[in-house]
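What follows is each chain in one-letter form.
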Amino acid sequence: MLTPASLPRVQRAIAELGFDGWLLYDFRGCNPIAQSMLGLEGLQTRRIFGFLPVEGTPTALVHRIEPGPLRRWPNEWRKHEYSGWRELEGLVTELVRDKRVAMEYSPGDAVTVLDRVPAGVLDLIRAHARDVLSSGELVSLFYAVLDAQQIAAHCRAAEAIAMIARQAMQLAGDRARSTQPATEYEIFQWIHNAFARAGLTTDHGPSVSVNANAADPHYEPTGALSEPITLGSTLLIDLFAHEAREGGVWADQCWMGTVGPPSDRVATLWTGVRDARDAAIDFLRAQTRTGAAPKGAAVDDIARGVLRQRGVADQFTHRTGHSIDARELHGAGPNLDNLETREERLLIPGVAFSIEPGVYFPGEVGLRSEVNAVIGGGAGGELLITPNEYQRELIVV
């Protein structure tokens, strides 16, 4: 949330990026970035604006019958109430007239997670502002960056999840050699129980999938739809959670194993996926050691290039990684993506994201490897990869 203490830093960034102000807009929760920055809470059924000028005092606009969402807005800052649309549009016009305004907008929907402002609102602002530009870099700086406590919370979750993943793999292997092999859904339930024992929580998943089911990146077993995990199976476990206590930050991992020795094909595919992941990590380490801030699209290109050399790039059908911020598993910060979207934002210190190349062959098998990274989150400002001991070879159980 924006505060009088944080305002000077925000205004310096607005100035450095060449804006006259940052205009935040929300209506019924359409813009979680504005909700967080403005500290909105409670009933929200009317339009709310907050304008952060490059210098001077911020201004908020809120409906007269519903001032509650801005109850945490500092008393020393301006707050105007409106009732009718003419009054609102007049107030908005005065705020943005002849200014270069940043909003949660992405030209051409290039970065979908940033495109939060409706086209009609953009029409209203463009009618009076000198220009409307993307707030993407401001979002990275003031919404997506993790602080030291949040990075520590992420690391604790990551280590707990890694242990649970390894145990789940071993359990699946042990059961496969018994008279009652486990089903995907049984391992799914076991992981949920393990999360609870470890003080973790999740809102969906995990994905526990064998063989052809693993070719669906979002597969999730159910009591009615679940395959047994038997000798010869290739097993994908994608699991994600955060600490159940306040301040928990998501960690997200994918582990691959086989029950018994892998086939030559699975071993070859695994090597390609792992090498693509490691090429992305190596590129990030090399860039950040020099103080460079690479674009998310560039990292996606590196990972995708490895799989192109191996002849399976067409089976890598999603981005290399998604943002992880303090609020969401799939956050609003920069993604590693030059496939689904055109991610031109910089990977600045403090942003976190997954690195998860995968290949999928419908009806046959899918493989993915996933770790998480925090730019500058390690000792001495090095790139931090979580978990500390991530998967290098296929787990054979």
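In what follows, the structure referred to is the one given above.
Everything in this summary refers to the structure shown in the same document. (Residues numbered from 1 in each chain as written. Predicted model: local features only at pLDDT ≥ 70, side-chain atom pairs only at ≥ 80, totals over all residues. Heavy atoms only, no water.)

### A look at the overall build of the protein
- When its secondary structure is counted, the protein shows nine helices and 17 strands.
- Judged by the C-alpha coordinates and their principal axes, the protein covers about 75 × 40 × 40 Å.
- The buried share of the protein, taken over its 397 residues, is 53%.
- Nonlocal contacts in the protein, meaning residues at least 24 apart in sequence, comprise 65% of its contacts between residues at least 6 apart.
- Summing over all exposed atoms, the protein offers an accessible surface of approximately 16500 Å²; the carbon and sulfur share of this is 50%.
- Here the protein carries 38 positive and 50 negative side-chain charges, and the mean point of each set is 4 Å from the other. (Helix = DSSP H or I, 4+ residues; strand = E, 2+ residues; numbered from the N terminus. Buried < 20%, exposed > 50% of the residue type's maximum accessible area, 1.4 Å probe, protein only. Contact = heavy atoms within 4.5 Å. Areas by Shrake-Rupley, 256 points an atom, 1.4 Å probe, with all protein chains shown as cover. Lys, Arg positive; Asp, Glu negative; His and termini not counted. Charge placed at Lys NZ, Arg CZ, Asp CG, Glu CD.)

### Topic: the layout of surface pockets
- The space that makes up the largest pocket amounts to roughly 380 Å³.
- Per-class residue counts for the lining of the largest pocket are six nonpolar, eight polar and eight charged.
- Of the volumes computed, that of the second largest pocket is approximately 330 Å³.
- Lining the second largest pocket are 15 residues, and of these Met1, Phe142, Tyr143, Val145 and Arg327 sit closest to its centre.
- Every element with two or more residues in the lining of the second largest pocket is listed here: helix H1 (7–16) and helix H5 (136–144).
- For the lining of the second largest pocket, the leading source of residues is H5, giving three residues.
- Tallied by class, residues from the lining of the second largest pocket come to 10 nonpolar, two polar and three charged. (1 Å grid on protein atoms, 1.4 Å probe; cavity = no way out; pocket = protein on both sides within 12 Å on 5 of 7 lines; lining within 4 Å. Points joined across faces, edges and corners; volume = space filled by probe spheres on them. Nonpolar A, V, L, I, M, F, W, Y, C, P; charged D, E, K, R; others polar.)

### Side note on the packing of H1 against H5
- Closest axis-to-axis distance for the H1/H5 pair is 10 Å, and the angle between their directions is 160 degrees. For the element pair H1 / H5, the angle class is roughly antiparallel. The element H1 and its partner H5 pack so that their crossing is right-handed. Touching Arg9, Val10, Ala13 and Ile14 of H1 are Leu138, Leu141 and Phe142, all from H5.
- The class makeup of the residues in the contact of H1 with H5 is six nonpolar, no polar and one charged. (Axes fitted to C-alpha atoms, helices over the stretch in contact; angles between N-to-C directions. Parallel < 35°, antiparallel > 145°, perpendicular 65-115°, else oblique. Left-handed = near helix turned anticlockwise from the far one by under 90°.)

### What about the packing of aromatic side chains?
- On inspection of all chains with the given rule, the structure shows three aromatic pairs.
- Here Trp73 and Trp77 contribute two aromatic rings whose centre-to-centre distance is 5.1 Å and whose plane-to-plane angle is 70 degrees, an arrangement assigned as edge-to-face. Take Trp73 and Trp77: they sit in the same class, and that class is buried.
- Positioned over the ring face of Phe361 is Arg265, at 4.5 Å from the centre of the ring. (Phe/Tyr/Trp six-rings, centres within 6.5 Å; stacked < 30°, edge-to-face > 60°. Lys NZ or Arg CZ within 6 Å of the ring centre and 35° of its normal.)

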